[in-house]
Amino acid sequence: MEEYKTFQAKGSVTAEDVRQMMGQEPFYARMREFHRALLRSNINSSVNGNGDYRVSGTPLSFAGNNSNALRGGQSQRCDGEIAQDNCKANPQDGHSLTPTTCRDAQGVPLPVSYDYDTNFYQCRLLDPASTEPELKYADCNALKASAAHGKYVNFCDNRYNSTAGKSVGYLCLPDPAKTSTNVLLPSPATGVITAWVHPNPETNPNLKQLDRCTFEMGKRVVNGNEINGTWLPQRGCVQRDGYVTTTVQPYWSVATEPVKVCAVEAQNRATNPYTGESCETGRFNSDRTCGCGDKMRRCEITDVHTARIASFNEEPLLITDSVVRNDEPYFNILTTPRSFVNGPLSEFYRQKQGVSIFSVKAPADVATLPAVPYEDKATWAVYTRDNTHSGVLTTPAFLYRFPTQRARVNHFYEAFLCKHFSPAADATLPSPDDACNRENNLSKRCGCDYCHATIEPTGAHWGRYAERSALFLSPEQFPRLDPKCRDCAIAGDTNCGGECSQYVMQAFDGDGANSLGLLKTYLYRTADEEKNIEGGPQVLVKRMMESGNLERCTVKRVWNEFLGRAMTTEEQRMYLQTLSQDFAKNNHSMKGLIEQVVMSDAYRRID
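All of the points below concern the structure found in this document. (Residues numbered from 1 in each chain as written. Predicted model: local features only at pLDDT ≥ 70, side-chain atom pairs only at ≥ 80, totals over all residues. Heavy atoms only, no water.)

**Points about the overall build of the chain**
So, step 1. Within the chain one finds 17 helices and 16 strands.
So, step 2. Taken against the 2.2 N^0.38 rule, which gives 25 Å for 607 residues, the C-alpha radius of gyration of the chain at 32 Å runs more than 25% over that of a compact globule.
So, step 3. For the chain, the C-alpha atoms occupy an extent of roughly 100 × 65 × 45 Å along the three principal directions.
So, step 4. Buried residues in the chain amount to 50% of all 607 residues.
So, step 5. Considering only contacts within the chain whose residues lie at least 6 apart along the sequence, 61% involve residues at least 24 apart. (Helix = DSSP H or I, 4+ residues; strand = E, 2+ residues; numbered from the N terminus. Rg over C-alpha atoms; globule rule 2.2 N^0.38 Å. Buried < 20%, exposed > 50% of the residue type's maximum accessible area, 1.4 Å probe, protein only. Contact = heavy atoms within 4.5 Å.)

In structure tokens:
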């Protein structure tokens, strides 16, 4: 508008003036914001940045819920004072125990120190000036030498003290303030204590015994057998690995000096060497053998998640900008395989990052993706996605922002057809006793069918894109019917090793019973709807192009954008048909449409 008024001040505005304005960056910036609002391109609240996959601090360490499985306590880090591969040189609790080995036979880091868990123990600082006799010692060695309190030596714990900046001695005894621990008695009753036991174990209390902490970890037991390659932290103990120092920087870092990383997180394995389980899935962060991978690619810091979200938000706007800037047919924004990556997205796809946070398949063979350094967030490189993609409609920003097939259909209709789903004003419902009220197929259920008779078959165009993610369900990996999933479901194993989450695994009605092992998106589908699934969003756009609704809606959107209000009924009578027809005749040129709108009498009457 400001540019228009500048030209208007000369005495008149010509079509050439408008074209000149549309060749300048302020115009393209405005169109990006137009499309940002149209697409609601913001997934900030749509993807949970699970802190369990983040590392922080020095040494770099997990500090989320997964620390329970790795170290025996939530938010527990490794020991930043002990180098993993030199664990015997300076043991933290040498007054009690010294590690015998730093890694197991496969090189998996073993605990190098331990602390008593304050969920079970009350840990009090040793201090010669203390008024409590059992605390009046300079350190654990002094307590060990005491005739009166040497019995507590196994529970004298050198713990890191932030004020002192190093580990100092604490005496950790069962917490007297908790009913589960205040009844525990020392064992043996005389001499050096090695455990605390419940006086009446036959009553099956929740806590029967707390043993002294050691460097030994348990194993998961299945059908009475211990499973090698699994580690269970000792109850009541935080068992810490040490750190390693590496010159290989995390992918997000531009520093050059060596970096300290917790030994567990520093590993780079594709599978658990004992169980064969993959380290390339979300389970990696609770498997002691996996680690964050090469350059910490499986892990992230807070800034990484923020950068990825911002990049995904921008991707569809780069697509729309390229179409408008090149004056291509406007509806290419819905069909083009062209897209863009910047540093965070290039590294994300090429290095298979973001495990279990984003469920997204690389849009093209990773060998063909542009290599943009992670730190280069402002540089966007163009590339061609594979033939499963369709403009902005299959970008992660769209798929995560509208997480279900129904949500995707609803927004497509609202944004590009200017239509909304609502039952007819004269719609009526049958009696509550009517059997159709119990119909699971919403396109047939009484009342629901007013909208869902359209929503369900249209939503099928996104049927190969998983709901609540942006994962493409390729027919090779996700066949229409999976015999393994069907057999598991028939046997009552609805989990089936975690491999069948996309399949019908439970018979909830007659049709469902016949559909066990069927890919969920095929449930209740007609033959035509199955064609929609395989055709994808491209087929939907092609069908809508034949109706003229896309053109009419785009005219209304552009009118609203440049006049600041919707078309009146009279303006629709005067302009809508002509503008829509000219838009189609002019190869769906967005610039041409905008030129016609701003050269119209209605626009010229704006003050």
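**Some points on the sheet that holds strand β8 (residues 195-197)**
So, step 1. Across the sheet, which stays open at both edges, the 3 strands sit in the order β7-β8-β9 with antiparallel pairing between neighbours. Of all strands in the sheet, those with a lone pairing partner are β7 (185-187) and β9 (209-211), marking the two edges. Ignoring strand direction, the axes of neighbouring strands in this sheet form an average angle of 25°.
So, step 2. Note that β7 and β8 share 3 bridges and pair antiparallel. Bridge pairing links P186 to W196 in β8. (Pairing = 2+ DSSP bridges. Axes fitted to C-alpha atoms, helices over the stretch in contact; angles between N-to-C directions.)

**Points about unusual backbone geometry**
So, step 1. With an omega dihedral of 0°, the bond running from T58 to P59 counts as a cis peptide bond.
So, step 2. Tracing the chain through its elements places P59 in the loop between β1 (55-56) and β2 (61-62).
So, step 3. In this structure, P188 follows S187 across a cis peptide bond, with omega equal to -5°.
So, step 4. If you trace the backbone, P188 turns up in the loop between β7 and β8.
So, step 5. Located in the positive-phi region is D327, a residue other than glycine, with phi close to 55°.
So, step 6. With respect to the helices, strands and loops of the structure, D327 is situated in the loop between α6 (302-325) and β15 (338-341).
So, step 7. Even without glycine at this site, C418 takes up a positive phi of about 55°.
So, step 8. Looking at the element boundaries, C418 is found in the loop between α9 (405-416) and α10 (449-459).

**A short note on helix α3 (residues 25-39)**
So, step 1. Spanning 15 residues, α3 covers 21 Å between terminal C-alpha atoms, matching the ideal 21 Å at 1.5 Å per step.
So, step 2. Buried residues along α3 sit in contact with α2 (15-21), α6, α9, α14 (549-563) and α16 (590-598). (Expected span 1.5 Å × (residues − 1).)

**Let's talk about α6**
Residue pairs spaced three or four apart in an α-helix point in one direction, given the helix's 3.6 residues per turn.
So, step 1. Helix length check: α6, at 24 residues, gives a terminal C-alpha distance of 34 Å against a target of 34 Å (1.5 Å per residue), a fit within 8%.
So, step 2. Most pronounced at E314, the bend in α6 amounts to some 25°, and the proline P316 follows within four residues.
So, step 3. Just beyond α6, the residue with positive phi is D327, at close to 55°. (Bend = angle between axes of the 7 residues up to and from the residue.)

**Some details on the side chain of R297**
So, step 1. Relative to the elements of secondary structure, R297 occurs in the loop between β14 (259-262) and α6.
So, step 2. A distance of 2.4 Å separates a polar atom in the side chain of R297 from a polar atom in the side chain of E280. (Polar contact = N/O pair within 3.5 Å; in protein donor to acceptor, adjacent residues only side chain to side chain.)

**Remarks on the nonpolar core**
So, step 1. One finds L334, F412 and F416 to be the most contacted residues of the largest nonpolar core, which totals 94 residues.
So, step 2. Setting aside residues no more than four positions away along its own chain, F412 makes contact with L334, L393, L417, W462, L540, V541, M544 and L550.
So, step 3. Counting 26 residues, the second largest nonpolar core, distinct from the first, contains Y121, F155, L173 and L184. (Core = buried A, V, L, I, M, F, W, Y, C linked by side-chain atoms within 4.5 Å.)

**Brief notes about the state of the cysteines**
So, step 1. Applying the stated rule across the entire model yields 11 disulfides.
So, step 2. Covalently, C418 is tied to C553 through a disulfide, its sulfur atoms 2.1 Å apart. Every disulfide takes its handedness from the sign of the S-S torsion; for C418 and C553 that torsion is 80°, giving right-handed. With C418 in the loop between α9 and α10 and C553 in helix α14, this pair connects stretches of sequence that are 135 residues apart. (Disulfide = S-S within 2.5 Å.)

**Quick look at the pattern of salt bridges**
So, step 1. Overall, the coordinates contain 33 salt bridges when judged by the stated rule.
So, step 2. For E277, the salt bridge is made with R283, and the minimal N-O distance between the two is 3.4 Å.
So, step 3. Judged by its relative accessible area of 30%, E277 is partly exposed.
So, step 4. Residue classification places R283 among the partly exposed residues on the basis of a relative accessible area of 26%.
So, step 5. R308 is the partner of E300 in a salt bridge, and the nearest nitrogen-oxygen pair spans 2.9 Å. Both residues of the pair, E300 and R308, belong to the buried class. (Salt bridge = Lys/Arg side-chain N within 4 Å of Asp/Glu carboxyl O.)

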